[in-house]
Amino acid sequence: GMSMTLVLSSLRSEDPNRNIVLWSRIDQKSCFKAISSAGLECVVVPTKVENDAVVTDVDAMKEALERYKGRVLAVITTTSCFAPRVPDSVDQVA
(Lines give C-alpha, C1' and ligand atoms only; values in the text may rest on other atoms or scores of the structure.)
Protein backbone atom coordinates (compact mmCIF):
# COMPACT_ATOMS: atom_id res chain seq x y z
CA GLY A 1 0.00 0.00 0.00
CA MET A 2 2.69 2.49 0.96
CA SER A 3 4.68 1.73 -2.20
CA MET A 4 1.61 2.39 -4.31
CA THR A 5 1.00 5.66 -2.44
CA LEU A 6 4.54 6.81 -3.21
CA VAL A 7 4.26 5.87 -6.89
CA LEU A 8 0.90 7.64 -7.27
CA SER A 9 2.20 10.72 -5.46
CA SER A 10 5.19 10.85 -7.76
CA LEU A 11 2.99 10.50 -10.85
CA ARG A 12 0.65 13.21 -9.54
CA SER A 13 3.54 15.65 -9.26
CA GLU A 14 4.24 15.18 -12.99
CA ASP A 15 0.76 16.40 -14.00
CA PRO A 16 -1.42 17.90 -11.24
CA ASN A 17 -4.41 18.12 -13.63
CA ARG A 18 -4.65 14.34 -13.67
CA ASN A 19 -6.29 13.43 -10.38
CA ILE A 20 -8.40 10.38 -11.19
CA VAL A 21 -7.38 6.77 -10.61
CA LEU A 22 -9.58 4.09 -12.16
CA TRP A 23 -9.71 1.03 -9.93
CA SER A 24 -11.13 -2.31 -10.99
CA ARG A 25 -12.95 -3.19 -7.80
CA ILE A 26 -11.57 -5.86 -5.50
CA ASP A 27 -12.54 -6.50 -1.90
CA GLN A 28 -9.25 -5.34 -0.48
CA LYS A 29 -8.69 -1.84 0.79
CA SER A 30 -4.94 -1.32 0.37
CA CYS A 31 -5.32 0.10 -3.14
CA PHE A 32 -8.19 2.36 -2.13
CA LYS A 33 -6.25 3.67 0.88
CA ALA A 34 -3.16 4.26 -1.28
CA ILE A 35 -5.17 6.30 -3.79
CA SER A 36 -6.76 8.35 -1.03
CA SER A 37 -3.44 8.87 0.79
CA ALA A 38 -1.91 10.19 -2.43
CA GLY A 39 -4.63 12.86 -2.52
CA LEU A 40 -6.30 11.43 -5.62
CA GLU A 41 -9.88 10.63 -6.50
CA CYS A 42 -10.74 6.95 -6.85
CA VAL A 43 -13.29 5.96 -9.46
CA VAL A 44 -14.36 2.39 -8.78
CA VAL A 45 -15.01 0.56 -12.04
CA PRO A 46 -17.58 -2.18 -11.47
CA THR A 47 -16.91 -5.80 -12.25
CA LYS A 48 -19.39 -8.25 -13.74
CA VAL A 49 -20.40 -11.84 -13.14
CA GLU A 50 -19.75 -14.40 -15.87
CA ASN A 51 -20.79 -17.96 -15.10
CA ASP A 52 -19.55 -18.44 -11.53
CA ALA A 53 -16.74 -15.86 -11.56
CA VAL A 54 -16.43 -12.11 -11.00
CA VAL A 55 -14.44 -10.65 -13.91
CA THR A 56 -13.19 -7.35 -15.33
CA ASP A 57 -15.84 -5.32 -17.11
CA VAL A 58 -13.64 -4.08 -19.95
CA ASP A 59 -16.51 -2.09 -21.46
CA ALA A 60 -17.07 -0.26 -18.15
CA MET A 61 -13.34 0.48 -18.01
CA LYS A 62 -13.45 1.94 -21.54
CA GLU A 63 -16.47 4.06 -20.60
CA ALA A 64 -14.70 5.38 -17.50
CA LEU A 65 -11.58 6.22 -19.52
CA GLU A 66 -13.73 8.16 -21.96
CA ARG A 67 -15.78 9.88 -19.23
CA TYR A 68 -12.67 11.11 -17.38
CA LYS A 69 -10.56 11.73 -20.48
CA GLY A 70 -7.59 13.97 -19.74
CA ARG A 71 -7.93 13.52 -15.96
CA VAL A 72 -6.93 9.85 -15.56
CA LEU A 73 -3.56 9.50 -13.87
CA ALA A 74 -3.54 5.71 -13.51
CA VAL A 75 -5.54 2.52 -13.90
CA ILE A 76 -5.13 -0.06 -11.16
CA THR A 77 -6.08 -3.68 -11.74
CA THR A 78 -5.18 -6.90 -9.97
CA THR A 79 -3.69 -10.24 -10.90
CA SER A 80 -4.02 -11.77 -7.45
CA CYS A 81 -7.33 -12.19 -5.66
CA PHE A 82 -9.63 -14.65 -3.91
CA ALA A 83 -12.42 -16.64 -5.56
CA PRO A 84 -14.94 -16.00 -6.98
CA ARG A 85 -13.03 -12.94 -8.25
CA VAL A 86 -10.63 -13.88 -11.03
CA PRO A 87 -7.54 -11.88 -12.06
CA ASP A 88 -8.23 -8.84 -14.21
CA SER A 89 -7.82 -8.99 -17.97
CA VAL A 90 -4.74 -6.80 -17.71
CA ASP A 91 -3.87 -7.16 -21.40
CA GLN A 92 -7.38 -6.05 -22.44
CA VAL A 93 -7.37 -3.15 -20.01
CA ALA A 94 -3.96 -1.99 -21.28
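Worth saying up front: this structure is predicted, and the values here are computed from it rather than measured.

## So, unusual backbone geometry
Phi angles above zero are rare outside glycine, and Asn-51 is one such case at about 55 degrees. With respect to the helices and strands, the residue Asn-51 is situated in the loop between strand E3 (47–50) and strand E4 (53–56).

## Considerations on the nonpolar core
Counting residues in hydrophobic clusters, the biggest one holds 11 residues: Leu-8, Val-21, Trp-23, Cys-31, Ile-35, Ala-38, Leu-40, Cys-42, Leu-73, Ala-74 and Ile-76. Those elements that provide at least two residues to this core are strand E1 (20–24), helix H2 (30–37) and strand E5 (72–76). Among the elements that line this core, the one with the most residues is E5, at 3 residues. Core analysis: the next-biggest nonpolar cluster, separate from the first, contains 9 residues, Val-43, Val-45, Ala-60 and Val-72 among them.

## Observations regarding H2
Along H2, the residues that are buried comprise Cys-31, Ala-34 and Ile-35. Along the axis of H2, the buried positions cluster into a sector of 100 degrees, meaning they face one direction only. Projecting away from the buried face of H2 at angles above 90 degrees are the exposed residues Lys-33 and Ser-37. Residues of H2 that are buried in the fold lie against helix H1 (2–14), E1, strand E2 (41–45) and E5. Positive backbone phi, at 75 degrees, marks Gly-39, one or two positions downstream of H2.

## Some points on the sheet that holds E5
Within a sheet, adjacent strands bond to each other through the backbone by hydrogen bonds, running parallel or antiparallel. On the basis of which strands lie adjacent, the open sheet formed by 3 strands has the order E2-E1-E5 and parallel pairing. Two strands lie at the open edges of the sheet, namely E2 and E5, each paired on one side alone. Strand-to-strand twist across the sheet, computed as the mean angle between neighbouring axes with direction ignored, equals 25 degrees. Bridge count for E1 against E2 is 5 bridges, and the pairing is parallel. Across the sheet, Val-21 pairs through a bridge with Cys-42, a residue of E2. In this fold H1 packs onto E1 and E5, with an angle of close to 155 degrees to the strand it touches most, E5. Of the strands in this sheet, E1, E2 and E5 are in contact with helix H3 (residues 58–67), which crosses E1 at around 175 degrees.

## What about the pattern of salt bridges?
Across all of its chains, the model carries 4 salt bridges by this definition. Residue Glu-50 pairs with Lys-48 through a salt bridge whose shortest N-O separation is 3.4 Å. Residue Glu-50 is classed as partly exposed on the basis of its relative accessible area, which comes to 41%. Overall, the relative accessible area of 31% leaves Lys-48 in the partly exposed class. Of the charged contacts, one joins Lys-69 and Glu-66 as a salt bridge, the two residues approaching to 3.7 Å between their closest N and O atoms.

Rules behind the numbers
Residues numbered from 1 in each chain as written. Predicted model: local features only at pLDDT ≥ 70, side-chain atom pairs only at ≥ 80, totals over all residues. Heavy atoms only, no water. Helix = DSSP H or I, 4+ residues; strand = E, 2+ residues; numbered from the N terminus. Core = buried A, V, L, I, M, F, W, Y, C linked by side-chain atoms within 4.5 Å. Buried < 20%, exposed > 50% of the residue type's maximum accessible area, 1.4 Å probe, protein only. Arc of directions from axis to C-beta. Contact = heavy atoms within 4.5 Å. Pairing = 2+ DSSP bridges. Axes fitted to C-alpha atoms, helices over the stretch in contact; angles between N-to-C directions. Salt bridge = Lys/Arg side-chain N within 4 Å of Asp/Glu carboxyl O.

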